[in-house]
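The chain contents come next:
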Amino acid sequence: MKYTQLGRTGLKVSRLVLGTMNFGPQTDEPTSHSIMDAALGAGLNFFDTANVYGWGENKGRTEEIIGTWFAQGGGRRDKTVLATKVYANMAGEGDPWPNYDRLSALNIRRAVEASLKRLQTDYIDLYQFHHVDRRTPFEEIWQAVDVLIQQGKVLYAGSSNFPGYKIAQANETAARRGSVGLVSEQCLYNLAERRAEMEIVPAAQEYGLGVIPWSPLNGGLLGGVIKKEVEGGRRASGRSADALANTSVRAQVQAYEDLLDKHGLEPGETALAWLLTRPGVTGPIVGPRTAEQLESALRALELELSDEVLSGLDEVFPGPGPSPEAFAW
C-alpha cells in the first residue's frame, strides 16, 4: 500500500479511500465487514462515511455497521483513519423540530455525539462538513469544532462539496482564531468531470488541503460501461444510462474505451490511476459493493500510465486548463 500525508497535516493515509455509502443499502453487514477486513488487510487505512448514509428511515445505518466492525477488536479502530460527515437532517421522518441539520454549534455537538455512539468509538479522525451552510458563520462553526478538538472527540476538520471561495473563507476565519482550519476537501472530480481544477483544487493546494475525489468513475460511466453492454449484455442504469443517452457523451466514452483497449488497460482501474497522478489529490474514494470490486480498485495503485496514455486521456476528456488563465485570458 502507498501512503501520503493528508494535506498539510502529519497524518498518513492510504492513496485509496474506502467509501462505505453502499454498506447497508446495497451491501449487507457481514459482506461489509468482510470488505473492511480485506481493505485493512491490504493496508488501506482511510475509511470514509457520513452520518446520513443508510438513507431514508435507515439514516445512520452505515455508521452502525462500521461500529459493529470496530467492536470486533483486533486493532481495527486503531489502524483506521476514520472520516465521517455532518450536515444532513437526521431527524426522524415527519419530525417537525428544527436544529437537526446544517452546521450550527448545536447540531454539530448533537451530531458528533450521535455518530460516536453509532460508530462505537470515542473519537473521529476527520470530521467533514458535508455541504456549505450559508446560514451559519464560520466563527460559530470553528468555535464548535475547537471545543470538540479540545475534548479529544475530533482530531481534524474537512469540507465536502465546497467551492474554492468557501475553502478560503473557512481557513481565513480559522487563521484569525488561531484554529487549524480545514485540512481536506472532498469533491466531485474525475476524468469526465474536471471542473474542480478551475478553483477547488487550486484553493485546496494554496491552503494545504488534501483533495479527496468522490465518484472517481463518474457514476460508473468510466468503468467500461459500453464494453460491458457489448460483451455481457449488461445495460447501463441510473446516471450512466442517462448520460449515454446523449450521443456526444456516448461517443466520448467510446473513444475512452477504445484508447484503453488499444493499450490493454482496464477502464475503471485507469480512471483511478489517473486521479492518483493529479496534483493535490490525496486519494480517490472507492465504494465497493463486493470484495472483487475492492480488488480491482487496489490494482490501480500499481498501474503506471505512460505519457502517451495520459496525453490520449487529455484529448478525450480535456480539462479546463490552468486557473485563472483558462477563463481570464
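For the structure itself, look to the data block above.
This one's a predicted model, so the numbers in the text were calculated from it and none came from an experiment. (Residues numbered from 1 in each chain as written. Predicted model: local features only at pLDDT ≥ 70, side-chain atom pairs only at ≥ 80, totals over all residues. Heavy atoms only, no water.)

### Overview of the packing of helix H1 (residues 29-41) against helix H2 (residues 61-70)
With their axes 10 Å apart at the nearest point, H1 and H2 run at an angle of 60° to one another. In terms of orientation, H1 and H2 fall into the oblique class. In the crossing of H1 with H2, the sense of the turn from one axis to the other is right-handed. In contact with Glu29, Ser32, His33, Met36, Asp37 and Leu40 of H1, H2 contributes Arg61, Ile65, Ile66, Thr68 and Trp69. Of the residues that constitute the contact of H1 with H2, the class distribution is five nonpolar, three polar and three charged. (Axes fitted to C-alpha atoms, helices over the stretch in contact; angles between N-to-C directions. Helix = DSSP H or I, 4+ residues; strand = E, 2+ residues; numbered from the N terminus. Parallel < 35°, antiparallel > 145°, perpendicular 65-115°, else oblique. Left-handed = near helix turned anticlockwise from the far one by under 90°. Contact = heavy atoms within 4.5 Å. Nonpolar A, V, L, I, M, F, W, Y, C, P; charged D, E, K, R; others polar.)

### Overview of the packing of aromatic side chains
Using the criterion set out here, one finds seven aromatic pairs in the structure. Note on Trp69 and Phe70: the rings are 5.5 Å apart at their centroids and 45° apart in plane angle, and the pair reads as tilted. Across the pair, Phe70 and Trp69 agree in class, each one buried. Centroid distance Tyr189 to Trp274: 5.9 Å. Interplanar angle 75°. Geometry classified as edge-to-face. Of this pair, Tyr189 sits in the loop between strand S8 (182-188) and helix H7 (200-207) while Trp274 sits in helix H11 (residues 267-276), placing them 85 residues apart in sequence. Taken individually, Tyr189 and Trp274 each receive the classification buried, so the pair is uniform in this respect. Through a chain of ring-to-ring contacts, the aromatic side chains of Phe47, Trp69 and Phe70 assemble into a single cluster. When the ring centre of Phe70 is taken as reference, the NZ or CZ atom of Arg77 above it lies at 5.3 Å. Directly above the ring of Tyr123 sits Arg77, whose terminal nitrogen or CZ lies 4.0 Å from the centroid. (Phe/Tyr/Trp six-rings, centres within 6.5 Å; stacked < 30°, edge-to-face > 60°. Buried < 20%, exposed > 50% of the residue type's maximum accessible area, 1.4 Å probe, protein only. Lys NZ or Arg CZ within 6 Å of the ring centre and 35° of its normal.)

### Topic: the nonpolar core
Ranked by internal contacts, the top residues of the largest apolar core, which has 49 residues, are Ile108, Tyr127, Phe129, Trp142, Tyr189, Tyr256 and Leu313. Per-element tally for this core: the top contributor is helix H5 (residues 138-151), with six residues. Once you skip the residues sitting within four places of it in the chain, Leu313 turns out to touch Leu191, Tyr256, Leu259, Leu260, Thr270, Trp274 and Leu305. Within the second largest apolar cluster, 23 residues are counted, among which are Ile66, Leu82, Val286 and Ala297. (Core = buried A, V, L, I, M, F, W, Y, C linked by side-chain atoms within 4.5 Å.)

### Observations regarding unusual backbone geometry
For the bond from Ser323 to Pro324, the omega torsion is 10°, close enough to zero to count as cis. Note on placement: Pro324 falls in the loop between helix H13 (307-316) and helix H14 (325-328). In this structure, Asn161 is a non-glycine residue whose phi angle is positive, near 65°. Inspection of the secondary structure assignment puts Asn161 in the loop between strand S7 (154-160) and helix H6 (164-177). Asn161 gets classed as partly exposed once you look at its relative accessible area, which sits at 29%.

### With respect to helix H4 (residues 105-119)
Note: α-helices contain 3.6 residues per turn, so residues at a spacing of three or four share the same orientation. With 15 residues, H4 should cover 21 Å at 1.5 Å per step; its first-to-last C-alpha distance of 21 Å lies within 8% of that length. Of the residues making up H4, those classed as buried are Asn107, Ile108, Ala111, Val112, Ser115, Leu116, Arg118 and Leu119. Along H4, the residues classed as buried sweep out an arc of 160° about the axis, all on the same side. Away from its buried face, by an angle of more than 90 degrees, H4 presents the exposed residues Arg109 and Lys117. Taken together, the buried residues of H4 touch H2, strand S5 (81-86), strand S6 (124-129), H5 and S7. Gln120, located one to two residues past H4, shows a positive phi value of around 55°. (Expected span 1.5 Å × (residues − 1). Arc of directions from axis to C-beta.)

Everything listed here is a matter of geometry and, on its own, says nothing about what the molecule does.
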